[in-house]
Structure formats: C-alpha cells, structure tokens
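Inside the fold
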Amino acid sequence: MKDLDGKIHLVSGLPLFRNLNKKELHWVADAVQIVEAKRDEILYKKGGEDQSLYLILSGSVSIFNPAKGETKEEELQILKKGEYFGIHSLLTGENHSHNAKTLSDSRFLVLSPKEFRELLKKIPILSTAFSKMLTKTLRNELLGSKEFFRNSVVCILHSNPTAINYYSVLLAEAIEKESGKKSVILRFNQPISAELEKSGYIKQYRFRDPDKIKDSLGRHYSTHSFIFLEVFPDDPPELIQSLLDESDNVDNLVTFGKDLKKEFPTVCEFLSEESRSNDVLYHETPIDTIIDHGKLEIHIRRKARELSGVQVGLALGGGAALGLAQIGVMKVFEEEGLSLDMISGTSIGAIVGAFWASGLGYKGIKPLLAEIDSFFKMLKLVDLSFPGQGLLHGKNVRNMLEKYLGDLYFEDLPVKLRLISCDISNRQEIVLSEGKVLDAVMASISIPGVFVPQPQENGKTYVDGGIVNPLPVSPLTKEGVERIIAINSMPSSRDQMKTNKLLNLNVLDIIVNSLYSLQYRIGKYSAQEADVYLNPILPNSNWFEFWRSAEFIELGERVARESLSEIKKLYI
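Residues numbered from 1 in each chain as written. Predicted model: local features only at pLDDT ≥ 70, side-chain atom pairs only at ≥ 80, totals over all residues. Heavy atoms only, no water.

Under the annotation held in an unreviewed UniProt entry, the protein carries the name Esterase and is attributed to Leptospira idonii. Here the protein is described in UniProt, under the heading Sequence similarities (unreviewed entry), as follows: "Belongs to the NTE family." (UniProt positions renumbered as here; feature names shortened; annotations may be inferred.)

The following block contains the structure:
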C-alpha cells in the first residue's frame with residue numbers, strides 16, 4: 001500500500017475530516033505529514049514561531065505554561081487521539097502562548113500554514129469549521145479563560161413535541177454520569193417549568209439579539225463541555241438563524257415519516273440540502289419511534305457516550321479458524337464486566353461480532369462450536385457448487401448460523417454492530433448496519449473462490465469484507481469512537497504456521513493464503529489507529545482447523561489477560 005493510501009486511511013478517521021468525500025480526503029492526505037515523537041518530547045515552546053496544526057493519531061499531549069521563577073508549571077489540558085492543537089497560531093499567525101509536550105509515544109498528522117491555505121481554497125467548507133474554532137478561542141481569551149478548554153455547541157431542534165420537556169435534561173444528566181463533563185441548556189424564547197428549573201441544567205433568556213446570544217454562549221465556553229441550544233417551531237426566524245449559526249452540529253428530533261418542510265417550514269428553511277446531507281453536522285432522531293419501542297434510556301446513554309468521547313469500540317479481523325481466538329477475548333471481557341459501545345467485524349470477526357453485540361456472548365456461541373469440533377462434523381457443511389462462482393454454495397453454513405442469528409436485526413442489538421463486506425463489481429468497501437444480521441454475516445464471510453458470492457436485494461453482489469478492510473478500525477473512527485481495541489489473528493510472514501508441502505497444496509490453500517498475505521499488509525495501517533492491539537497467533541495452525549477451537553480460545557484468553565491493564569485504562 002502506498003504511503004498516500006495509508007494517509008487517506010488515517011485522515012478519514014479524524015473528526016475534522018470525517019465527512020469529506022474521497023477527492024477531498026485525497027487532498028488532505030497529500031497536504032499532511034506523518035510525524036512521530038517519543039515520550040516527553042517538546043513539540044513547541046511558548047513564543048515559538050511554528051504555526052503548524054497538529055492532529056493526534058495516537059498517544060497524548062500536555063498543553064501547559066512553562067515554569068517561570070517561583071511559578072510552577074501550569075497544565076492547561078491533556079489532549080488525546082482525534083484532538084488537535086496549534087490552531088490559534090495557525091489561524092492568527094501569532095507565536096505560541098504555551099508549551100506542547102508528549103506524555104507518551106505519539107503520532108501526528110501535521111499541516112503547515114502553506115498547505116493549510118491551499119486546502120481552504122480547495123475545500124471551502126473547512127474554513128467554516130476552523131472559523132468557529134478560532135471564535136471560541138478568542139472569546140475565551142477575552143473572558144480570561146484557559147485557551148484550550150474543549151467544548152461543543154449542540155443545537156436541538158424540537159420538530160417533534162413529544163420530548164420537549166425532558167430530552168435535553170436527560171441527555172445532560174447522562175453526559176455527566178458517563179463522563180463527568182458538565183453541560184448547560186440555553187433557552188432564549190421559551191418558558192421553562194418549575195420542574196425543569198429545579199434540574200439546574202437550564203438557563204432561560206428573554207432576549208433574541210444575536211450579539212447578546214453570542215455573549216451568553218461565551219460565558220459558558222470555559223466552564224461547560226457541552227452547550228445545548230434549543231430551537232422550537234414557533235421561535236422567530238432571526239432567533240433560529242442565530243442559534244444555528246452558533247452550533248457545531250444539529251440534532252433534529254423528528255416524527256418518523258413526516259415531511260419536515262411541510263410540518264415545520266420555519267425550522268427547515270434555514271437548513272440547506274447540503275447541510276442536511278452532512279452526517280457530521282446534521283442528524284435526525286426519530287424520537288417518537290424510540291419512545292414507543294421503550295428505548296429512550298438506551299438511546300440517551302448511547303448519545304451521551306458518543307458526545308462525550310468515551311465510547312469504547314472493538315474491531316474484529318478475519319483469519320477463518322485463526323480468528324476463533326477472538327472468542328477467548330470475548331470471554332475475558334464478560335468475566336471482567338467490560339462493556340462495549342460498538343463492534344465492527346469482517347469475515348470470522350463478523351460471526352464473533354454478531355454473537356458479542358447481540359448479547360449471546362460466550363455461552364451462546366459454545367453450542368455453535370460444538371457443531372464443528374471435529375473434521376467429520378465439518379464435512380457436513382460442505383455443499384459443493386459445480387459449476388459455479390465458488391467451491392462451496394454456503395447454504396449449509398447459513399443453515400447452521402440461522403439457528404442462532406436467524407431472528408436478529410441490527411436495530412434490535414444492545415451493542416451497535418458494523419459488518420464489512422466488499423461490492424465485487426467495483427471493489428468498494430460496504431459497511432452493513434441495517435436489516436437482518438444473518439444476511440450481513442453471510443456477505444462478510446463469503447471468501448472469493450471458496451463461497452459463492454452473496455447477491456443482494458439492491459442487485460449488488462457482496463463478498464468477504466477482508467479483501468478491502470481486514471481489520472475494520474475505520475468504521476469505528478468514522479462514527480466518532482475514540483477508544484479502540486483491535487484484534488488481528490492474521491499471521492505475518494514471520495509467524496510459524498502449518499503449511500502444506502508444495503506438491504500437496506490444494507486450491508483452497510492457494511486462494512486463502514494468497515488473500516491473507518495481502519490482508520496482513522493492509523491490516524498494519526488499521527492497527528496504527530487502535531489504542532490496544534491484540535495479535536493472538538497460534539503456532540502450527542491452519543485457517544480451516546475449526547475443530548481446534550479450544551486451543552484458539554485459550555490463546556485469546558491468555559493474550560487478553562496479558563493486556564488487561566492496558567484495556568482497562570480505556571474505561572477510566
């Protein structure tokens with residue numbers, strides 16, 4: 001994989017660039033440089049003239065004022081993966097007003113002022129995002145606040161009256177519970193009940209003047225991580241415009257299936273089609289459907305963890321039987337009571353991920369393993385396809401999995417699940433997150449040449465996701481998950497694996513081992529984005545030895561236990 005391709009992969013997972021198209025991501029990747037730094041390395045000092053923007057890929061950075069005379073060093077903030085620094089000097093041309101030092105071995109994407117200016121010409125939408133960053137920084141300085149306090153302004157559009165009196169408060173409470181971060185809710189034109197006032201989260205203002213609104217927000221920038229602005233259908237147009245202009249993103253609480261432009265034209269006329277198609281800037285929440293299905297509590301917790309940046313995600317790679325080690329990791333997580341917010345899986349990782357995300361877990365997958373715990377039982381899954389697009393049709397495998405996953409749909413899973421497949425017609429990655437879980441699993445495990453490809457209702461044909469993304473970390477980063485564990489059971493060329501002599505190689509070995517050689521190299525880039533990387537490889541094993549599940553699982557348990565302290569740090 002070329003260096004530029006690797007940088008595109010890394011850039012696409014950063015929040016600042018998450019919603020750019022392929023061409024724009026190519027421009028960003030071409031503009032940035034990958035920089036590595038050791039622990040306790042000074043990146044720049046107060047008064048320094050380096051005006052580059054640093055985007056953290058891995059590690060952590062301390063922003064601090066240096067010691068002077070009897071004054072001790074003052075730490076302003078600790079920044080982690082997905083965050084950025086150097087923005088003030090980049091946008092104003094001023095020298096740095098603080099020091100930046102790594103707290104651990106770290107990797108960055110660095111954007112120089114020259115490349116930054118060129119990017120803004122090519123991608124004008126970036127100028128809006130950077131302007132808002134600078135505005136917050138300057139307001140904090142005027143108010144005497146710490147320059148690098150990070151906050152987010154979220155506009156909640158109450159297009160549905162169902163949850164007007166409690167949604168924002170529930171979300172603010174959940175954010176504080178899940179992350180310890182403070183929130184405030186600002187209402188500028190609507191009354192609040194005595195009960196809402198008691199919550200302590202809502203501030204009521206009578207004025208509508210844009211300048212006064214900006215001043216009100218500025219007072220909260222340095223004290224609250226989240227500022228929620230509430231907009232109602234009967235708010236005056238000038239107020240709606242002012243609140244939307246001040247927001248980093250918009251969450252529209254809607255009635256599923258209703259035409260918003262028809263129902264609430266006042267709100268929608270300020271949202272362009274471009275804005276509404278931007279998943280980072282705009283999101284619609286079918287609040288009535290969520291409440292009717294009794295899922296409000298789950299939704300609020302998920303939303304709070306997503307906004308707070310405390311989500312923990314797990315990427316499960318391929319490897320056929322070698323990937324059964326992932327089940328051992330699952331067992332350890334269950335024994336330790338470690339929960340996950342999102343799981344992404346490809347190939348064998350799709351099967352394990354489906355059991356994990358559904359709550360079936362280790363106990364639920366054991367009966368499945370009992371069905372393939374010998375070579376002769378494995379033969380029952382063989383359904384040759386001659387002539388055809390693969391050696392095996394895959395119906396027997398589907399029938400076996402259907403006993404466990406048949407009635408599961410993505411929207412019903414307690415943990416969010418993303419399964420990876422490949423559209424064989426254009427070799428593009430497909431992230432499956434809707435509909436029947438079993439259909440997605442079958443699409444993700446269909447190794448080309450081994451299984452017949454899976455035709456879809458949309459007319460497309462999907463095959464094994466490992467071809468395009470053998471270690472699917474990127475689906476997690478693209479959805480805002482910042483704390484990631486990746487499990488890769490794909491062997492490298494240095495791992496001692498069981499291989500057949502040249503004269504005894506069969507067609508399946510040739511196909512699968514060729515694919516795995518390519519997938520291991522691609523997976524190395526994904527591994528760089530993970531906070532914890534597990535690589536359980538059982539020596540002298542082979543991809544088809546599913547009957548050795550006990551050995552693979554024991555290995556996975558051991559590797560997970562060895563990294564348990566590192567894993568638990570993600571939950572602090």
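Further notes follow.
**Remarks on the packing of aromatic side chains**
In this structure the tally under the stated criterion is 14 aromatic pairs. Between F188 and Y205 the ring centres are 5.2 Å apart and the planes differ by 20 degrees, which places this aromatic pair in the stacked class. With a gap of 17 residues between them, F188 in the loop between β10 (183-187) and α7 (194-199) and Y205 in the loop between β11 (202-204) and α8 (210-221) connect regions that are remote in the sequence. Each member of the pair F188 and Y205 is classed as buried. Ring centres of Y205 and F207 lie 5.3 Å apart, and the angle between their planes is 45 degrees; on these two criteria the pair is classed as tilted. Judged by its relative accessible area of 25%, F207 falls in the partly exposed class. (Phe/Tyr/Trp six-rings, centres within 6.5 Å; stacked < 30°, edge-to-face > 60°. Helix = DSSP H or I, 4+ residues; strand = E, 2+ residues; numbered from the N terminus. Buried < 20%, exposed > 50% of the residue type's maximum accessible area, 1.4 Å probe, protein only.)

**Notes on the pattern of salt bridges**
Enumeration over the complete set of coordinates arrives at 20 salt bridges. Here E335 ties to K331 by a salt bridge, and the two come within 3.5 Å at their closest N and O atoms. Placement of both E335 and K331 in helix α15 (residues 325-336) is noted, with a separation of 4 residues, approximately one turn of the helix. Accessibility expressed as a relative area gives 46% for E335, which makes it partly exposed. Given the relative accessible area of 18%, K331 is considered buried. E557 is the salt-bridge partner of K331, the closest N and O atoms lying 3.2 Å from each other. A residue pair is termed long-range when its members are at least 10 positions apart, and K331 in helix α15 and E557 in helix α23 (residues 549-562) qualify at 226 residues. Here the salt bridges share partners, and the residues they tie into one network are K331, E335, E336, E557, R561 and K568. (Salt bridge = Lys/Arg side-chain N within 4 Å of Asp/Glu carboxyl O.)

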